[in-house]
Amino acid sequence: MAPKSDSAEGIVLNFVNEQNRPLNSQTVADFLQKFNLKKTAIQKALDTLADSGKITFKEYGKQKIYLARQDQFQIPNTEELNQMKEENSKLQQILEEQKKANSQLEGEIKSLQSNLTLEEILSNDKKLRNQVKEMEERLAKLRGGVTLVSPEERKAVEKTFSDAISHWRKRKRMFKDVWDTITENSPKTPNEFKEELGVEYDEDIGVSLQTYSTLMPHGKKRLRG
């Protein structure tokens, strides 16, 4: 039994908004065949939505081209665009890692196929395919913008990190005050005194407070110290 008119309008509206690109009635009908909607019902739904202002349209000769209303979409600012670019770069890196992992798994499958019994091959093949499926599902979630870490967990991690940076900064300042007092009247240079006591600066072991401070949550960064 075909869906009611209002249901058809809802399905068509959702599709037009999701696609967010110019569409004609035939394209919409082709994509919505799974809903058992006839082209006449889809054409009627498109016209009704256009007349009510829920979507827009333009006429090119005898053909109508439909498009989602653009005022319903939030336009990202420069900061958001930069963040999106950064996230896209991370996703591309994850994708490359997944490709390498898949290649490694395929290599393991071939190796197992040449060394194991048929029963072992089938068992390991199933296990490896499940691993590949889990990786692909995770990648699909990342591509779709699904948040894998809850806001509460992220907030807790950010607080722990911020507290650690704060302690680091305070202790670095305390050390500098004490060190300056000790070395100010010392006959030895600070470097000689440092070597004698076996003192190591952050830079000596390849870490930098300033570098880690840039990773703090937005609005909490302090580059001093």
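One can find the structure itself at the top, above this paragraph.
First, a word on scope: everything that follows refers to the structure included in this document. (Residues numbered from 1 in each chain as written. Predicted model: local features only at pLDDT ≥ 70, side-chain atom pairs only at ≥ 80, totals over all residues. Heavy atoms only, no water.)

1. Re the packing of helix 6 (residues 151-184) against helix 7 (residues 190-197)
The condition is simple: Fitted lines through C-alpha atoms serve as axes, helices being fitted only where they are in contact, and the angles separating the N-to-C directions of these axes extend from 0 to 180 degrees. Put simply, DSSP marks the helices as runs of H or I at least four residues long and the strands as runs of E at least two long, and each gets a number from the N terminus on. The scheme is simple: roughly parallel for angles under 35 degrees, roughly antiparallel for over 145, roughly perpendicular for 65 to 115, oblique for anything else. Whether two residues are in contact is decided by their heavy atoms, any of which lying within 4.5 Å being enough. Ten residues, namely Ala, Val, Leu, Ile, Met, Phe, Trp, Tyr, Cys and Pro, are considered nonpolar, four, namely Asp, Glu, Lys and Arg, are considered charged, and the remaining ones, Gly among them, are considered polar.
Direction vectors running N to C along helix 6 and helix 7 enclose 110°, while the axes themselves pass 10 Å from each other. It follows that helix 6 is roughly perpendicular to helix 7 by the angle criterion. Between helix 6, through Trp179, Ile182 and Thr183, and helix 7, the contact on the second element is made entirely by Pro190, Phe193, Lys194 and Leu197. Taken together, the residues of the contact of helix 6 with helix 7 break down into five nonpolar, one polar and one charged.

2. Here we look at the pairing of strand 2 (residues 63-68)
The condition is simple: Strand pairing is defined by DSSP finding a minimum of two bridges between the two strands.
The sheet contact formed by strand 1 (residues 55-60) and strand 2 spans six bridges and is antiparallel. Counted as the bridge partner of Phe57 is Tyr66 from strand 2. If you look at the hairpin formed by strand 1 and strand 2, you'll find two residues sitting between the two strands, and Gly61 has a positive phi there, around 70°.

3. Observations regarding the packing of aromatic side chains
Convention followed: Centres within 6.5 Å make a pair out of two Phe, Tyr or Trp rings, where for Trp the six-membered ring is used; the pair is then stacked when the planes are under 30 degrees apart, edge-to-face when over 60, and tilted otherwise. Burial status follows relative accessibility: with a 1.4 Å probe on protein chains alone, a residue under 20% of its type maximum counts as buried, one over 50% as exposed, and anything between as partly exposed. Placement of a charge over a ring requires the Lys NZ or Arg CZ to be within 6 Å of the ring centre, with the centre-to-atom vector within 35 degrees of the ring normal.
In the structure shown here, the tally under the stated rule is four aromatic pairs. Taken together, a centroid distance of 5.4 Å and an interplanar angle of 40° make the contact between Phe15 and Phe31 tilted. Remark: Phe31 occurs in helix 2 (residues 25-31) and Phe15 occurs in helix 1 (residues 5-19); sequence separation between them is 16 residues. For Phe15, a relative accessible area of 7% puts it in the buried group. Exposure remark for Phe31: the relative accessible area of 44% places this residue in the partly exposed category. Aromatic side chains Phe175 and Trp179 sit 5.6 Å apart centroid to centroid with 20° between the ring planes, which places their arrangement in the stacked category. Placement of the pair is Phe175 and Trp179 together in helix 6, with a separation of four residues, close to one helical turn. You can call Trp179 buried: its relative accessible area is 8%. Put simply, the rings of Phe175, Trp179 and Tyr201 pair up and form one aromatic cluster. Over the ring of Phe57 we find Lys64; its NZ or CZ atom is 5.2 Å from the centre of that ring.

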